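Chain by chain, the residues:
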Amino acid sequence: MDFPEGLRYSKEHEWVLVEGNSATIGITEFAQEELGDVVYVELPEVGEKIVKDDPFGAVESVKAVSDIYAPVSGTVLEINDVLPDSPETINDDPYGDGWMIRVEMNDKDDLKDLMSAEEYAEYVEQQKDDEDEDEDDEREDEEEEEDDDDDKDK
Amino acid sequence: MAQGLKKTALHAAHRRAGAKMVEFAGWEMPVQYSGVIDEHVAVRSRAGLFDVSHMGEIEVRGPGALEFCQRISANDVARMNVSQAQYNLLLHENGGVVDDVIFYRLDAERFLVCVNASNNEKDFSWMRQQAGADVEVDNVSASYAQLALQGPLAEKILQPLTGLALDELKAFHFQFAGVATVRCLVSRTGYTGENGFELYCDVDAAEELWRRLLNAGAHDGLVPAGLGARDTLRLEMGYPLYGHELDDTTTPLEAGLDWVVKFSKPAFIGRSILVRQKAEGAPRRLTALELVEPGIARSGYGLYRNDRLIGRVTSGTKSPTLGKAIALGYLSREAAASSDDIDVDIRGRKTRAKIVTLPFVRR
């Protein structure tokens, strides 16, 4: 799984590319994998204000709608106009062509709450470990059941 | 999440294949393997293999079996020959749908009823209640696994594995046959709109059958397909899903399933209500919608005309085949009488949709 070095990451699985006072925002590879095929993206308009930790849009998979949370506060400068016609770009290239919005930040201090690539990689491992633990528990249960069945046949 | 959920015989195989699992009707089922759209496209252009073992099977037998089946359902079961299958609706006294099911006529006095996973206990208990002394009703779900092989290449993939002459098996008919040495009930039925088969086999043989089918079809691009694709495929056809378009309060006439109700047959539960509805018009009507402004309609969203609430969405998605957002929803009788555009309330935003006829996708 990819965790590009030059980006900052939020707990809600958004990435931020900082260039001067501007922040480009998208969702991470982990997020798009969890979502599955993206079929629709709801984005704010240029000029709108987004507020840190509040939802600023939504990303929709075949089955469900997921909010996207603002990792920083700011004013929308640009939105990716490829996404309305090709929402699957988010699956194909989440860190590049799948970028969502670019904002002018209100306060660069907002960036302090975001994680580095290493920290985010660890955070994702944690999430996966939790999933794997559940799966291991299940596998143990299944194996126990099979052993019990074998015993019954005897 | 895993604790307490039922698992089909293929659960381990799904996990090994890297399937994303979800809870459905008390079962842990594969929602996707390679991706919902990928699997959907595979079924429409090649073939997909679904594990639908979570569905239930109820056997009805005895001298009173035919009369019993007729009484509890809307369609004319007497028209079924042995080896025929029939889509049918079990009805409440008030005309509402208990479940949508498939009947299989195994013999003059023996029927197998395939029921929705979510209604297994409900259907069984209701059928037992309705049964007289001359009919036996048995829930045999635990002994059956069920696989669905669907797509234009389904027959080509299946034929080498069985001695059954598939080109002689008509739609909504079935035969017992060996498939890859596994004894199956092979029926030409399905929930995708594509040509295909549903294979019922013993639980203990399911893993072998699954593996053999996937191997046999690999060369033709057969892929395993999950519940995500199952839903987008059926919605493109306009097929109802119990719990969405159908529930205990919806009648067949409201749901556009008039064709299933055979008023000419002798008395059946719910008949008088439906006779009246047919004469007066059903109080609401299931309607097919296509969004003409950006957005996707989801189950539960309100439907409006001139700012008046006239109904609700029951199912919606973006159609992989059409690339458009499609939906099914109920409109009041009044509203359904007009074919003017309506608005879907998508999380606070009124989004224009037009009324269309089913199916969304023609096969």
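Residues numbered from 1 in each chain as written. Chains lettered and ligands numbered in written order. Predicted model: local features only at pLDDT ≥ 70, side-chain atom pairs only at ≥ 80, totals over all residues. Heavy atoms only, no water.

Asker: Which residues make up the pairing of strand S17 (residues 325–332) of chain B, and what values go with them?
Answerer: All names here are of chain B. Burial analysis of S17 places 7 of its 8 residues in the buried class, the great majority of the element. Sheet topology note: the strand S14 (residues 284–291)/S17 ladder contains 7 bridges and is antiparallel. Across the sheet, leucine 286 pairs through a bridge with tyrosine 330, a residue of S17. Summarising the sheet, strand S16 (residues 308–318) and S17 pair through 7 bridges and their orientation is antiparallel. Residue pairing for S17: glycine 316 is matched across the bridge by alanine 327. Here S16 hands over to S17 after 6 residues, with glycine 323 in that stretch at a positive phi of 70 degrees. (Buried < 20%, exposed > 50% of the residue type's maximum accessible area, 1.4 Å probe, protein only. Helix = DSSP H or I, 4+ residues; strand = E, 2+ residues; numbered from the N terminus. Pairing = 2+ DSSP bridges.)

Asker: Talk me through the interface of chain B and chain A; I want residue IDs and the actual numbers.
Answerer: Across the contact, 24 residues belong to chain B and 21 residues belong to chain A. Where chain B abuts chain A, roughly 1,800 Å² becomes buried across the two surfaces, and 41% of that area is made up of carbon and sulfur atoms. On the chain B side of the interface with chain A, the three residues burying the most area are Arg15, Arg298 and Arg347 of chain B, jointly 29% of the side's total. Joining chain B to chain A, the criterion identifies 5 salt bridges. With a closest N to O distance of 2.5 Å, glutamate 60 of chain A and arginine 298 of chain B form a salt bridge. The interface formed by chain B and chain A holds 15 residue pairs in polar contact (both at pLDDT 80 or more) in total. Looking at the side of chain B that touches chain A, the elements with two or more residues in it are helix H1 (11–16), strand S2 (27–32), helix H2 (36–45), helix H7 (227–237) and S16 of chain B. Here the residues of the side of chain B that touches chain A are counted per class, giving 7 nonpolar, 7 polar and 10 charged. (Contact = heavy atoms within 4.5 Å. Buried area = accessible area lost by both parts, 1.4 Å probe. Salt bridge = Lys/Arg side-chain N within 4 Å of Asp/Glu carboxyl O. Polar contact = N/O pair within 3.5 Å; in protein donor to acceptor, adjacent residues only side chain to side chain. Nonpolar A, V, L, I, M, F, W, Y, C, P; charged D, E, K, R; others polar.)

Asker: A description of the pattern of salt bridges should follow, citing residues and the corresponding values.
Answerer: With the rule as written, the count across this model stands at 31 salt bridges over all chains. Here aspartate 109 of chain A and lysine 112 of chain A are joined by a salt bridge, their closest N and O atoms 3.9 Å apart. The exposure class of lysine 112 of chain A is exposed, given its relative accessible area of 63%. Note that aspartate 248 of chain B is salt-bridged to lysine 122 of chain B, the shortest N-O span being 2.8 Å. Of this pair, aspartate 248 of chain B sits in the loop between H7 and helix H8 (271–280) while lysine 122 of chain B sits in helix H4 (residues 120–130), and the two are 126 residues apart along the sequence. With a relative accessible area of 27%, lysine 122 of chain B lands in the partly exposed category. One network of salt bridges, in which partners are shared, links Glu42 and Glu60 of chain A together with Arg298, Arg347 and Arg349 of chain B.

Asker: A description of the packing of aromatic side chains should follow, citing residues and the corresponding values.
Answerer: Enumeration over the complete set of coordinates arrives at 11 aromatic pairs over all chains. An angle of 5 degrees between the planes, with centres 4.6 Å apart, marks the rings of tyrosine 9 of chain A and tyrosine 120 of chain A as stacked. Note that tyrosine 9 of chain A is positioned in strand S1 (residues 8–9) and tyrosine 120 of chain A in helix H3 (residues 117–153), a separation of 111 residues in sequence. Considered together, tyrosine 9 of chain A and tyrosine 120 of chain A belong to a single accessibility category, that of buried residues. Aromatic side chains tyrosine 104 of chain B and phenylalanine 174 of chain B sit 5.5 Å apart centroid to centroid with 75 degrees between the ring planes, which places their arrangement in the edge-to-face category. Here the residue tyrosine 104 of chain B occupies a position in strand S6 (residues 97–107), and phenylalanine 174 of chain B occupies one in strand S10 (residues 174–179), the gap between them amounting to 70 residues. By the burial criterion, tyrosine 104 of chain B is buried, and phenylalanine 174 of chain B matches it. The rings of Tyr104, Tyr144, Phe174, Phe176 and Tyr200 of chain B are connected pair by pair, giving a single aromatic cluster. (Phe/Tyr/Trp six-rings, centres within 6.5 Å; stacked < 30°, edge-to-face > 60°.)

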